[in-house]
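Summary of the model geometry
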Amino acid sequence: MPHSAHLQKMDQHDVRRAYRRWAPVYDHTFGRLVEAGVKQAAAHVNRLSGRLLEVGVGTGLALPHYGPQFEVTGVDLSPHMLAKAAARARTVGRRVSLHEMDAGALVFPDAHFDVVVAMFVMTVVPDPARVMHELARVTRPGGTVVLVNHFSVEHGLRGAVEKGLAKHATKLGWRPEFPLRTVMVSETLELMAVTPARPFGFFTMLDFRKRG
């Protein structure tokens, strides 16, 4: 499979600093933009069951939408975002195990989860390829990995805007320039479907199956 693209450098300090700023206003800004996509992804995985891991759980926007058939675990690098997620889980009565954790070094055993979800997180993590390999590792054979993410384009006005914003990645807390090939690095994950995510199709949902 293709190698990861050259990306703007970001480290854990950049991510934590950005999301410390974002946490108080996230739900009322970016959260509103992605709410439809979050519901779409949750509805997509709700036909499944078992142990579900959400990597980059953030403020827990998806927690109210996962079906009761799931045993839900959420991880995030930002303690400020996790505090919001814990409060949301209590509000909606959702039992969830939340952990501050680096998505590139998950502490879970191999093949531990039936479903792994990562929404709006791959453009944020310092090493997307490493994270993809970790998502594959903790998913059982035959299990599902679902990504929802912004993927950049090479040409046109949108491509020019993304390239122009790329130099501000560390301040933004995410990478505007992020081609699809960046996540196509795991030999054990088979891409089953590519679906535009609401709203506007600015985001994309990728459905992978872990090869057995």
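Overview of the structure. Residue indices follow the written sequence of each chain, beginning from 1 at its first position. This being a predicted model, a pLDDT of at least 70 is required before a residue's local features are given, and a value of 80 or more before pairs of side-chain atoms are given or counted; all residues contribute to the totals for chains, interfaces and linings. Side-chain calculation: all heavy atoms of the structure are included, whereas hydrogens and water are not.

The numbering of helices and of strands both runs from the N terminus, where a helix is a DSSP run of H or I of at least 4 residues and a strand a run of E of at least 2. The helix and strand inventory of the protein stands at six helices and seven strands. For the protein, the succession of helices and strands along the chain, N to C, is α-α-β-β-α-β-β-α-β-α-α-β-β. Contact criterion: two residues are considered in contact whenever any of their non-hydrogen atoms come within 4.5 Å of each other. Considering only contacts within the protein whose residues lie at least 6 apart along the sequence, 70% involve residues at least 24 apart. When the accessible area of the protein is evaluated, it comes to approximately 9,900 Å², of which 57% is carbon and sulfur surface. Note on areas: Shrake-Rupley, 1.4 Å probe, and residue coverage restricted to the protein chains presented here.

Paired strands, as defined in this entry, are two strands with at least two bridges between them according to DSSP. Reading across from one edge, 3-2-1-4-5-7-6 is the order of the seven strands in this open sheet, with mixed pairing throughout. Sheet topology places strand 3 (96–100) and strand 6 (189–197) at the edges, where each strand pairs with a single neighbour. Averaged over all pairs of adjacent strands, the angle between strand axes in this sheet comes to 15°, irrespective of strand direction. Helix-sheet contacts for helix 3 (residues 79–92) involve strand 2 (70–76) and strand 3, and the interaxial angle to strand 3 is about 170°. Working convention: axes come from line fits to C-alpha atoms, limited for helices to the stretch in contact. Angles between N-to-C directions cover 0 to 180 degrees. Where helix 4 (residues 128–138) meets the sheet, it contacts strand 1 (50–55), strand 4 (113–119), strand 5 (139–149), strand 6 and strand 7 (203–210), and its direction lies at approximately 140° from that of strand 5.

This brings us to the pattern of salt bridges. Salt bridge, as used here, is a side-chain nitrogen of Lys or Arg placed within 4 Å of a carboxyl oxygen of Asp or Glu. Under the defined criterion, the tally for this structure stands at six salt bridges. The closest approach of N and O atoms between R47 and D207, which form a salt bridge, is 3.2 Å. Placement of R47 in the loop between helix 2 (30–45) and strand 1 and of D207 in strand 7 is noted, with a sequence separation of 160 residues between them. Relative accessibility thresholds used throughout: buried, under 20% of the residue-type maximum; exposed, over 50%; partly exposed, between the two (1.4 Å probe, protein chains only). Judged by relative accessible area, which is 49%, R47 ranks as partly exposed. Between D207 and R209 there is a salt bridge, with its nearest N and O atoms 2.2 Å apart. Taking the relative accessible area as the measure of exposure, D207 reaches 5% and is therefore buried. Through salt bridges with shared partners, a single ionic network connects R47, D207 and R209.

In terms of burial, strand 7 is a largely internal element, seven of the eight residues being buried. Sheet topology places strand 6 next to strand 7; eight bridges connect them, and they run antiparallel. When the sheet's bridge partners are listed, L191 is paired in strand 7 with F208.

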